[in-house]
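Examination of the molecular architecture
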Amino acid sequence: MIRFLFLIILLVTGAVVGLAFVPLAAALKLSGAAENGVSWTAARGSIYSGGLDGLSVNGTNYGNADLTLDASALIGGTLQYTVDWIGTHGQGTAKVSVESGRTVTLRDYVISLDLEDYERAAKWIRQVGGKIRLAGPAIQFKGSECVLAEGVATSDVLDRNREVLGSGWSELRGDIVCDDGKLLVPLESENAAGTRFSSYLRVAPGTPGRFEARISGRISRALAFALPLAGFNRDGDAFVYVPKAATRVPGSPE
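Residues numbered from 1 in each chain as written. Predicted model: local features only at pLDDT ≥ 70, side-chain atom pairs only at ≥ 80, totals over all residues. Heavy atoms only, no water.

Brief notes about the overall build of the protein
Counting its regular elements, the protein contains seven helices and 16 strands. Expressed as a percentage of the 254 residues in the protein, the buried residues total 45%. Long-range pairs, those at least 24 residues apart, make up 40% of the contacts in the protein between residues at least 6 apart in sequence. (Helix = DSSP H or I, 4+ residues; strand = E, 2+ residues; numbered from the N terminus. Buried < 20%, exposed > 50% of the residue type's maximum accessible area, 1.4 Å probe, protein only. Contact = heavy atoms within 4.5 Å.)

Thoughts on the packing of aromatic side chains
The way to describe two aromatic rings as a pair is by their centre distance and the angle between their planes. Taken as a whole and judged by the stated rule, the model has three aromatic pairs. Seen from their ring centres, tryptophan 169 and phenylalanine 197 are 6.5 Å apart, and the 80° between their planes marks the pair as edge-to-face. Of this pair, tryptophan 169 sits in the loop between helix H6 (162-165) and strand E10 (172-175) while phenylalanine 197 sits in strand E13 (residues 195-204); the two residues are 28 residues apart in sequence, bridging distant segments of the chain. Pair check on accessibility: tryptophan 169 and phenylalanine 197 agree, each one buried. Taking 6.4 Å as the distance between ring centres and 55° as the angle between the ring planes, the aromatic pair formed by phenylalanine 211 and tyrosine 241 counts as tilted. Linking phenylalanine 211 in strand E14 (residues 207-217) with tyrosine 241 in strand E16 (residues 238-241), this pair joins segments that are 30 residues apart in sequence. Across this residue pair, the class does not change: phenylalanine 211 and tyrosine 241 are buried. An aromatic cluster of three or more residues is present, and its members are Phe211, Phe232 and Tyr241. (Phe/Tyr/Trp six-rings, centres within 6.5 Å; stacked < 30°, edge-to-face > 60°.)

Section: the nonpolar core
Burial of nonpolar side chains together is a common tendency in soluble globular proteins. Formed by 51 residues in total, the largest nonpolar core has its most connected members in Tyr81, Ile132 and Leu134. With five residues, strand E7 (residues 103-114) is the largest single contributor of residues to this core. The contact partners of isoleucine 132, leaving out residues within four places of it in the chain, are Ile111, Ser112, Leu113, Leu115, Ala153, Thr154, Ser155, Val185, Leu187 and Leu201. (Core = buried A, V, L, I, M, F, W, Y, C linked by side-chain atoms within 4.5 Å.)

Considerations on the pairing of strand E6 (residues 90-99)
Pairing analysis gives eight bridges linking strand E5 (residues 80-87) to E6, with the strands arranged antiparallel. Bridging from a neighbouring strand, glycine 87 pairs with glycine 90 of E6. Counted between consecutive antiparallel strands, the loop separating E5 from E6 contains two residues. Across nine bridges, the pairing between E6 and E7 is antiparallel. The residue bridging serine 97 from the neighbouring strand is threonine 105, located in E7. (Pairing = 2+ DSSP bridges.)

Below you can see the structure in the form of structure tokens.
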């Protein structure tokens, strides 16, 4: 019996040591990541720990990522990595798994998106800057379609743009959801004067994002003068910013 147990230990140890020499690129290809539109210019390290440079999803470049294998997920037959990502449009960390070739799941994610480098953001955002922070338990895509979204979005856009929008705004935040196959990030705030700000960012892997902002409610003369200079157009009693080639998000408030 002791010899048999010793033999089992040797086999398990050999398997674990053998996995340490499996290249990261080979492991990801076997997981079906490449079939899901994920590609990279260079892969380094092994299945346990490594990184991807020039990471792309369906042709859209997202920068570089460092990956560390989550060994506990292997028990359930899932190849899952803790991913630390940094790119032109932001940075973040999450536990990422790829299942059935087309299902990508982010768990325990914290992502910061930099609107200063987002070409469809309003000029006043790109000039002064602004970030959107996403945090939550899970986001899941099947291909490029959002099928699950749980989390909260917050932003410092209003704080950074007091010269245009004024001060006294409540926290800019909203609950992340899936809408029409896209990840919808709504953000809303209101100031003491009764002016309401709402924005909508819709994103999906490998597809251009869509951004819209709306200011409604009580709008002062000074704000009504400043908003057109910032790229907003009057829409009834409100002002709306919609980038060129973008359409209004269904369900946005009037």
